[in-house]
Amino acid sequence: MKNELLYEMQNSFSLTAKPFKELADRLDSDEETILKLVKELKDEKIIRQTSAIFDTKRLGYKSSLVAFKVKEEDIDRASQIINQHAGVSHNYLRNHDFNIWFTIAVPPDSKLGLQKSIDKLQELTGATEAIALPTLKMFKISVKMDTTGKKAKKEKIAKRKHLEIDLTPKHIAVIKELQKDINIVSEPFKSATEKLDMSYDEFFDIANELKDSGVMRRFATILNHRKAGFSANAMSVWSVDEDKAVEIGKSLAEFSAVSHCYLRPKYPNWPYNLFAMVHAKTQDECDELIAQMAKENNLDNYSKLYSTKEFKKQRLVYFDDAIKEWEELYI
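Our focus in this paragraph is the nonpolar core. Counting residues in hydrophobic clusters, the biggest one holds 42 residues, and the most contacted among them are Phe20, Phe54 and Leu178. Listing elements by their share of this core, those giving two or more residues are helix H1 (2–11), helix H2 (19–26), helix H3 (31–43), strand S1 (47–54), helix H6 (169–178), helix H8 (200–212) and strand S7 (216–223). Excluding its chain neighbours within four sequence positions, the residues that come into contact with Phe20 are Met9, Phe13, Glu31, Ile34, Leu35, Val38, Ile182, Asn183, Ile184, Val185 and Pro188. In terms of nonpolar packing, the next biggest core, distinct from the first, is built from 25 residues, Ala245, Leu252, Cys261 and Met293 among them.

Laid out in structure tokens, this is it:
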């Protein structure tokens, strides 16, 4: 049942008073059994976090993938410096001359801004080269590991229509609570409603407004990929003609093993503009999937960057002062 439970929690974690009871009903089990299993999976660090996943751009933040070229003897020091920025959510060592790859975001009221923050990190780390790779077009973002082995190799990517929303202080208060990792208890949202002095109805109405507007992409469980059995992840990067980029991006995104797919800029020292993150249980399986993606789309100019070390992986904390405090050290 563990694999089915993990699959359900990644795909459809309900925003209700008793979500574990709902999970139990779907899995023909009982709430007590499900709570016990989830606690075990959390203790085993297979489950990393269960919380809301927000759209950084819709919250007014600016973000980018960044690649640094750092001397081998400076890698550990550089990664620690990068990790100190609260807007850095992911930071990896990859098998390329551009060896440190991280994502960074800054809030709407950032005094340094995105590019100056990247410049400051390059200065502090001593990176010899740096490239900023912001998203030009997103084709897919959906981190869902197929723990059951039953998922089809391809999936259709539905384009959601979003309602317009003006964020109020109540929306922001709910966002601050939904971004926290939930407690594994029968009513995990009870403490948030009590803190905000809201009824369940009001709390979930606001949460659903955030979903309908696209501010919240979904509420879901994220796994520790390696501990869940997916030990290989490759950032496949492709050089494609601009006029074919959208068509090919949509095609790559249809592979179920692809969790993220983006169009990004090219540079003289970086010829790849299409990025697809591929997850598999082994590197051989990953290689096979990428070869199939290349064959189906008649692509031959591409590369595979495997992560060899994880320096940081955590959800970005929104509406928090930590980024401002970091900036004040360097302004």
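Right, let's get into H1. Looking only at H1, the buried set comprises Leu5, Leu6, Met9 and Gln10. All buried residues of H1 lie within an arc of 130° about the axis, which places them on one face of the element. On its buried face, H1 is in contact with H2, H3, S1 and S7.

What follows covers the sheet that holds strand S3 (residues 88–94). Taken together, the nine strands give an open sheet; going across it, the order is S5-S2-S4-S3-S11-S8-S10-S9-S6, and neighbouring strands pair in antiparallel fashion. What marks the edges here is a single partner per strand, and that holds for strand S5 (129–133) and strand S6 (137–141). Each adjacent strand pair in this sheet contributes to an overall mean axis angle of 25°, direction not counted. With five bridges joining them, strand S2 (residues 62–69) and S5 adopt antiparallel strand pairing. What sits directly across from Ala67, in S5, is Ile131.

When two helices pack together, their arrangement is given by the angle between the helix axes and by the axis-to-axis distance. Two numbers describe how H1 lies on H3: the axes approach to 11 Å, and their chain directions differ by 85°. When the axis of H1 is compared with that of H3, the two are roughly perpendicular. For the pair H1 and H3, contact is made by Lys2, Leu5, Leu6 and Met9 and by Ile34, Leu37, Val38, Glu40 and Leu41, respectively. Residues belonging to the contact of H1 with H3 are distributed by class as follows: seven nonpolar, no polar and two charged.

To continue, consider the packing of H6 against H8. Interhelical geometry of H6 versus H8 gives an angle of 90° and a closest axis separation of 10 Å. Taken together, the axes of H6 and H8 lie roughly perpendicular to each other. Contacts between H6 and H8 involve Lys170, His171, Val174, Ile175, Glu177 and Leu178 from the first element and Glu202, Phe203, Ile206, Ala207, Glu209 and Leu210 from the second. In terms of residue class, the contact of H6 with H8 is made up of seven nonpolar, one polar and four charged.

Thresholds applied
Residues numbered from 1 in each chain as written. Predicted model: local features only at pLDDT ≥ 70, side-chain atom pairs only at ≥ 80, totals over all residues. Heavy atoms only, no water. Core = buried A, V, L, I, M, F, W, Y, C linked by side-chain atoms within 4.5 Å. Buried < 20%, exposed > 50% of the residue type's maximum accessible area, 1.4 Å probe, protein only. Helix = DSSP H or I, 4+ residues; strand = E, 2+ residues; numbered from the N terminus. Contact = heavy atoms within 4.5 Å. Arc of directions from axis to C-beta. Pairing = 2+ DSSP bridges. Axes fitted to C-alpha atoms, helices over the stretch in contact; angles between N-to-C directions. Parallel < 35°, antiparallel > 145°, perpendicular 65-115°, else oblique. Nonpolar A, V, L, I, M, F, W, Y, C, P; charged D, E, K, R; others polar.

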